[in-house]
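Structural description and commentary
Single-letter residue listing:
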Amino acid sequence: MDVRVGVIGVGMIGQDHIRRITQVLTGGSVTAVNDVDTARAGQVAAVLPGVGQHRVSVHATAQDLIADGNVDAVLVASWGPAHEEQVVAAIGAGKPVFCEKPLAPASDACLRIMEAEMAAGRRLVQVGFMRRYDAGYRAMKAALDDSGIGAPLLMHCAHRNPSVPDYGFTTDMIISDSAVHEMDIVRWLFGEEIVAATVLTPRRAGQAPDGLQDPLILLLEMANGVLVDDELFVSARYGYDVRGEVVCETGTVALADVSEVTVRAQNRYGGRVPVDWRDRFIRAYDAELQEWLNAVAAGSAAGPSSWDGYAAAAVTDAALEALRTGQRTAVSMPERPEFYAK
Ligand code: NAD
Ligand code: ISE
């Protein structure tokens, strides 16, 4: 039988995940939705197939959805500050939960999620760090693990969005919502924790929305000495562009451009720049959610854990402090609990 999924938050990514569960992946069906925007929840549910005679339920609260007997597992795609309460409630009900990143915008909330999960006695949470499933980053990790080009020394990253959503996207969110992807992917690529963060504020782009300090440069220091520079530019206009190049002792490894073809004509050549994150990481989202459905069906857990969500949030805390003070800020983190052993 399919895993019956209840989706909390049916905005951009909630709807995209519903599309993939319903039309692309195997082994899952959406049986219930909830959103604080009840009209939106109703519109989304109205066009879903449901399961057999059972129409998709629209719940007034996240708690009602989690308690629904037709929901085996919960997908949280609401705004970051709402994640803690919803994930902890799903854990309390003993239901596996896929939570979009960030697990929570600050580390104390992530710690409470970990405590709830450890008290439940088994892993129930997968965090939506989809870059770990991207073919480019996987090939980059394989090249690094192969060690044919020596030890990694530094990494250059760029994370450019064409624009920000029209609800109040803040400078802090460039760190907690956007840079959190690089915080996770470098932990995964290098198998090391991040120990310090510094934030630099270059000249501000004229087209940046009022009050937004855009772009930013984030410097991350890894425990093994690797230094990561991350350019974050969320109103870059021209497209969605995620770049990465690792410099090792005797070679480099970089993400390739992702255009399917390049066209040469009239003494020029060019390719396609992705429109947005849905476009750029479409296969990675498919892969992460298929792995989640498979794990739920098997009664196991996979993918990025609450510890990974927590570790990224601890770096976020340090980076936000660095943004406020202009100072290099150490990351404060306890030992990784045995429960989350690698
Ligand atoms: P969005 O604003 O388009 O959608 C969020 C939806 O959640 C809205 O419909 C809103 O009404 C609803 N919502 C807010 N608080 C709620 C609550 N307490 N209970 C129920 N519903 C609530 O935002 P989005 O872009 O879809 O982002 C949602 C989450 O997904 C965020 O955590 C974001 O960081 C994450 N996200 C991840 C990726 C990725 O690449 N992995 C991409 C985009 C967004
Ligand atoms: C968004 O929430 C995402 O997660 C996207 O992947 C990222 O590129 C964007 O900057 C975030 O706002």
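Residues numbered from 1 in each chain as written. Chains lettered and ligands numbered in written order. Predicted model: local features only at pLDDT ≥ 70, side-chain atom pairs only at ≥ 80, totals over all residues. Heavy atoms only, no water.

1. Focus: the nonpolar core
- Ranked by size, the top nonpolar core spans 102 residues in total, and within it Met-183 and Phe-190 carry the most contacts.
- Other than its neighbours up to four places away in sequence, Phe-190 contacts Leu-144, Pro-152, Met-155, Met-222, Val-226, Val-228 and Val-246. (Core = buried A, V, L, I, M, F, W, Y, C linked by side-chain atoms within 4.5 Å. Buried < 20%, exposed > 50% of the residue type's maximum accessible area, 1.4 Å probe, protein only. Contact = heavy atoms within 4.5 Å.)

2. Section: the sheet that holds strand 9 (residues 216–222)
- Pairing is mixed across the open sheet formed by seven strands, whose spatial order is 12-11-7-10-9-8-15. Edge positions in the open sheet fall to strand 12 (252–254) and strand 15 (329–330), since each of these has one partner strand only.
- Examined bridge by bridge, strand 7 (residues 152–160) and strand 11 (residues 241–248) share eight bridges and lie antiparallel to one another. Opposite Met-155, over in strand 11, you have Val-246 as the bridge partner. (Pairing = 2+ DSSP bridges. Helix = DSSP H or I, 4+ residues; strand = E, 2+ residues; numbered from the N terminus.)

3. Remarks on the site of ligand 1
- Looking at ligand 1, there are 28 residues lining it, with Asp-35, Arg-40, Trp-79, Lys-101 and Tyr-285 nearest.
- The separation between an oxygen atom of ligand 1 and a polar side-chain atom of Arg-40 is 2.5 Å.
- Within the contact set of ligand 1, an oxygen atom lies 3.5 Å away from a backbone nitrogen or oxygen of Ser-78.
- Of all the secondary structure elements, the ones that give two or more residues to the shell around ligand 1 are helix 1 (12–24), helix 4 (80–92) and helix 7 (171–190).
- Of all the elements, helix 4 adds the most residues to the shell around ligand 1, at four residues.
- Residue composition of the shell around ligand 1, grouped by class: 13 nonpolar, nine polar and six charged.
- Each of domain 1 (3–128 + 283–304) and domain 2 (132–275 + 312–340) gives at least three residues to the shell around ligand 1. (Near = heavy atom within 4 Å. Polar contact = N/O pair within 3.5 Å; in protein donor to acceptor, adjacent residues only side chain to side chain. Nonpolar A, V, L, I, M, F, W, Y, C, P; charged D, E, K, R; others polar. Domains from an automatic or database assignment.)

4. Describing the environment of Thr-316
- Mapped onto the elements of the fold, Thr-316 is located in helix 10 (residues 306–325).
- Given the relative accessible area of 1%, Thr-316 is considered buried.
- Discounting residues that sit within four places of it in the chain, Thr-316 has contacts with Pro-105, Ile-175, Ser-176, Val-180 and Met-183.

5. Observations concerning the pairing of strand 11
- Examined bridge by bridge, strand 11 and strand 12 share three bridges and lie antiparallel to one another. The partner of Glu-245 across the bridge, within strand 12, is Ala-254.
- What sits between the antiparallel neighbours strand 11 and strand 12 is a turn of three residues.

6. Here's the deal with the packing of aromatic side chains
- The full count for this structure, using the stated rule, is five aromatic pairs.
- Arranged with centres 5.3 Å apart and planes meeting at 40°, the rings of Trp-307 and Tyr-310 form a pair that is tilted. One end of the pair, Trp-307, and the other, Tyr-310, are both in helix 10, three residues apart, so they sit about a helical turn from each other.
- For Trp-307, a relative accessible area of 1% gives the class buried.
- One residue, Arg-278, lies across the ring of Trp-277, its end atom 5.1 Å from the ring centre.
- Geometry around Phe-281 places Arg-280 over its ring, the cationic atom sitting 4.2 Å from the centre. (Phe/Tyr/Trp six-rings, centres within 6.5 Å; stacked < 30°, edge-to-face > 60°. Lys NZ or Arg CZ within 6 Å of the ring centre and 35° of its normal.)

7. Things to note about the packing of helix 6 (residues 135–146) against helix 7
- Here helix 6 crosses helix 7 at 35°, and the two axes come no closer than 9 Å. Where helix 6 approaches helix 7, its residues Tyr-137, Arg-138, Met-140, Lys-141 and Leu-144 are matched on the opposing element by Ile-185, Trp-188, Leu-189 and Phe-190. (Axes fitted to C-alpha atoms, helices over the stretch in contact; angles between N-to-C directions.)

8. Brief notes about the site of ligand 2
- If you check the shell around ligand 2, you find Lys-101, His-159, Asn-161, Phe-169, Asp-177, Ser-178, His-181, Tyr-240 and Trp-277 and nothing else.
- Between ligand 2 and the protein, one listed contact pairs an oxygen atom with a side-chain N or O atom of Lys-101 at 2.8 Å.
- Take His-159: an N or O atom from its side chain is 2.6 Å from an oxygen atom of ligand 2.
- Considering ligand 2 on its own, with 300 Å² of exposed area, one finds that the protein chains cover 86% of that surface.
- The biggest single contributor to the shell around ligand 2 is helix 7, with three residues.
- Of the residues assigned to the shell around ligand 2, the class counts are three nonpolar, four polar and two charged. (Areas by Shrake-Rupley, 256 points an atom, 1.4 Å probe, with all protein chains shown as cover.)

9. Points about the domain arrangement of the protein chain
- Examined at the domain level, the protein chain breaks down into domain 1 (3–128 + 283–304) and domain 2 (132–275 + 312–340).
- Summarising the inter-unit geometry, the C-alpha centres of domain 1 and domain 2 are found 26 Å apart.
- In this complex, domain 1 contributes 21 residues to the contact, which on the side of domain 2 involves 15 residues.
- Both sides together, the interface formed by domain 1 and domain 2 hides about 1,500 Å², and carbon and sulfur atoms give 68% of it.
- One can count one salt bridge joining domain 1 with domain 2.
- Notably, a salt bridge pairs Asp-177 with Lys-101, separated by 3.6 Å at the nearest N-O pair.
- One can count five residue pairs in polar contact (both at pLDDT 80 or more) joining domain 1 with domain 2.
- Of all the secondary structure elements, the ones that give two or more residues to the side of domain 1 that touches domain 2 are helix 5 (107–120) and helix 9 (282–298).
- If one sorts the elements of the side of domain 1 that touches domain 2 by residue count, helix 5 sits on top with five residues. (Buried area = accessible area lost by both parts, 1.4 Å probe. Salt bridge = Lys/Arg side-chain N within 4 Å of Asp/Glu carboxyl O.)

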